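Observations on the three-dimensional arrangement
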Amino acid sequence: MENHVSRWFNVQTVPESHTFSIEDRPGKKQIPLCRTIPIIDLANSERTEIVQEIIKASQEYGFFQVTNHGVPEDVINGAVKVLEELFTMPVDEISKEANSNGWVYMGSTSFATKGAHLWRDNLKHPCHPLEQSMQNWPQKPTRYRDIVGAYIVEIRRLSLIILELISQGLGLEKGYLGGISQVQFLTASNYPPCPDPSLTLGLLKHFDHSLITILFQGNVEGLQVLKDGKWIGVEVVPNAFVVNIGTQVEIISNGKLRSAQHRVVTNKEKSRATIATFINPCPDCIIEPAKVIVNEANPPLYPSLSFKEFVNVSKPFGPFTDVIQNGCIDE
Ligand SMILES: O=C(O)CCC(=O)C(=O)O
Ligand SMILES: [Fe+2]
């Protein structure tokens, strides 16, 4: 069988390899779409209102969506389209460049022996500093570097705006979070239709270990967030970005803001394509509750660790972490 899930146009039943255990699979229970995850208008002229909305959403859900973010629609659509083209290229052509060039491409067999059989194909690569990272990006489609580069410039700009709003809301000095956001990763996913979504997952339940993640989820639902022990679906808002608080901002805020677990479910009819950008600290950056936030009444709830140490000790996907994050190929 073709190695990449997106080529399984005719699969009528879910292969055993991709059937998740009863604990992990979504099952047949209907999950409500949530219309309460806040949608925040970044063009609101009252900056303090935006700050308050972001802080409230980040406390309650760990998630919010932003509209009027200033990222031009054609830049977003261009990136979506060129990634779609990449995902439909012959697998050999993608794979021969990937994995040796600092970027990772994973089809379904990347997970075969490890048991994390995600219903998606995925591409990951660094994207900051831009000029330097771009040298190693896919060379095909030929417009990939220009188009995704333009998208990344916009996402960088937007991420600094959002980090500044969060810094302000937490009472941190100007530029505090922006200053430590020195690494940026793009991860693009293609989740094809699945004959039985109750058995499969596009992405297992996890926390993001970023400062924040900025996701374009297109126009097909599939992302679910765990809130008070229950899954809720994140509604599609045209042209909005979904933003979530990563574990690093949770630590810096000493738990005031929360990072929520989330997962991706599949659906029977439609393909879903998403572009997530992780905004991360650099590996040696020490992450700890901010000094201005902790005091005798509010002692630090998290140890101070370099981002690298944190990533090494915490396993966001449990035993499947290495294979999902690094794309280890079958042994
Ligand atoms: O594709 C999505 O909807 C979410 C992806 C995600 O959560 C991740 O890449 O960490
Ligand atoms: Fe995530």
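Summarised in this report is the structure supplied together with it. (Residues numbered from 1 in each chain as written. Chains lettered and ligands numbered in written order. Predicted model: local features only at pLDDT ≥ 70, side-chain atom pairs only at ≥ 80, totals over all residues. Heavy atoms only, no water.)

**Describing the overall build of the chain**
Applicable threshold: Put simply, DSSP H or I for four residues or longer makes a helix, DSSP E for two residues or longer makes a strand, and each gets a number counted from the N terminus. For the radius of gyration, the atom set is restricted to C-alpha positions; the globular benchmark scales as 2.2 Å times the number of residues to the power 0.38. Between buried and exposed lies partly exposed: a residue is buried under 20% and exposed over 50% of the maximum accessible area for its type, with that area taken using a 1.4 Å probe on protein chains only. In what follows, residue pairs with any heavy atoms lying within 4.5 Å of each other are defined as contacts. In this tally, Asp and Glu contribute negative charge and Lys and Arg positive charge; neither His nor the terminal groups of the chain are included. Here the site of a charge means atom NZ of a Lys, CZ of an Arg, CG of an Asp or CD of a Glu.
Looking only at helices and strands, the chain has nine helices and 15 strands in total. Computed over the C-alpha atoms, the radius of gyration of the chain is 19 Å, within 12% of the 20 Å expected from 2.2 N^0.38 for a compact globule of 331 residues. Taking the principal axes of its C-alpha atoms as reference, the chain extends roughly 60 × 45 × 40 Å. Looking at the chain as a whole, 54% of its 331 residues are labelled buried. Within the chain, contacts between residues at least 6 apart in sequence are counted, and of these 80% link residues at least 24 apart. The centroid of the 30 positive side-chain charges in the chain is displaced by 3 Å from the centroid of its 36 negative side-chain charges.

**Observations regarding helix α5 (residues 144-170)**
Convention followed: Expected span of a helix: the number of residues minus one, times 1.5 Å.
Given a rise of 1.5 Å per residue, 27 residues ought to cover 39 Å, and the 38 Å separating the end C-alpha atoms of α5 matches this to within 8%. Immediately beyond the C-terminal end of α5, within one or two residues, lies Gly171, with a positive phi of roughly 75 degrees.

**Quick notes on the site of ligand 1**
This is how it is decided: Any residue with a non-hydrogen atom lying within 4 Å of a molecule or strand is treated as near it. Two N or O atoms form a polar contact when they lie within 3.5 Å of each other; inside protein one atom must be a possible hydrogen donor and the other a possible acceptor, and for residues adjacent in sequence the pair counts only when both atoms belong to side chains. Where accessible areas are quoted, they stem from the Shrake-Rupley method and a 1.4 Å probe; at the residue level, only the protein chains shown are allowed to cover.
In the vicinity of ligand 1, the residues found are Tyr191, Leu203, His206, Asp208, Leu215, Leu223, His262, Val264, Arg272, Thr274 and Phe278. Between ligand 1 and the protein, one listed contact pairs an oxygen atom with a side-chain N or O atom of Tyr191 at 2.7 Å. At 3.2 Å, a side-chain N or O of Asp208 approaches an oxygen atom of ligand 1. When ligand 1 is considered free in solution it has 290 Å² of accessible area, and contact with the protein chains removes 95% of it. Those elements giving two or more residues to the shell around ligand 1 turn out to be β7 (203-206), β12 (262-264) and β13 (272-280). By residue number, the principal contributor to the shell around ligand 1 is β13, which donates three residues.

**Here we look at the coordination of the iron ion (ligand 2)**
Applicable threshold: The rule for donors is simple: N, O or S, within 2.8 Å of the metal, or within 3.2 Å if the metal is Na, K or Ca. Water isn't counted, so a site may look like it is missing partners.
Every protein donor of the iron ion (ligand 2) is listed here as His206 (NE2), Asp208 (OD) and His262 (NE2), and their distances to the metal cover 2.1 to 2.2 Å. Coordination of the iron ion (ligand 2) draws on donor residues from a single chain, spaced H-x1-D-x53-H in sequence. Highlighted residues: His206 in strand β7 and His262 in strand β12, separated in sequence by 56 residues. Since its relative accessible area comes to 5%, His262 is described here as buried.

**Observations concerning the layout of surface pockets**
Heads up, the condition is: Each cavity reported here is a set of points on a 1 Å grid over the protein atoms alone in which a 1.4 Å probe fits but cannot get out, each pocket an open set with protein on both sides within 12 Å along at least five of seven lines, and each lining residue one with an atom within 4 Å of a point. Grid points are joined across faces, edges and corners, and a volume is the space filled by probe spheres set on the points.
Looking at the largest pocket, its volume works out to about 990 Å³. Lining of the largest pocket is provided by 46 residues; of these, Lys124, Phe185, Phe278, Asn280 and Gln325 occupy positions nearest its centre. Broken down by secondary-structure element, the contributors of at least two residues to the lining of the largest pocket are β5 (121-126), β6 (183-191), β7, β8 (212-216), β12, β13, α8 (307-313) and α9 (321-326). By residue number, the principal contributor to the lining of the largest pocket is β6, which donates six residues.

**Things to note about the nonpolar core**
Rules: We call a set of buried Ala, Val, Leu, Ile, Met, Phe, Trp, Tyr and Cys residues a nonpolar core when their side-chain atoms join them within 4.5 Å.
Ranked by internal contacts, the top residues of the largest apolar core, which has 63 residues, are Tyr144, Tyr151, Ile162, Ile166, Ile212 and Phe241. Among the elements that line this core, the one with the most residues is α5, at 12 residues. Those residues within four positions of Phe241 in sequence are excluded, and the remaining contacts are Phe64, Gln65, Val66, His69, Val71, Ile76, Tyr151, Ile155, Leu158, Ile214, Leu215 and Phe216.

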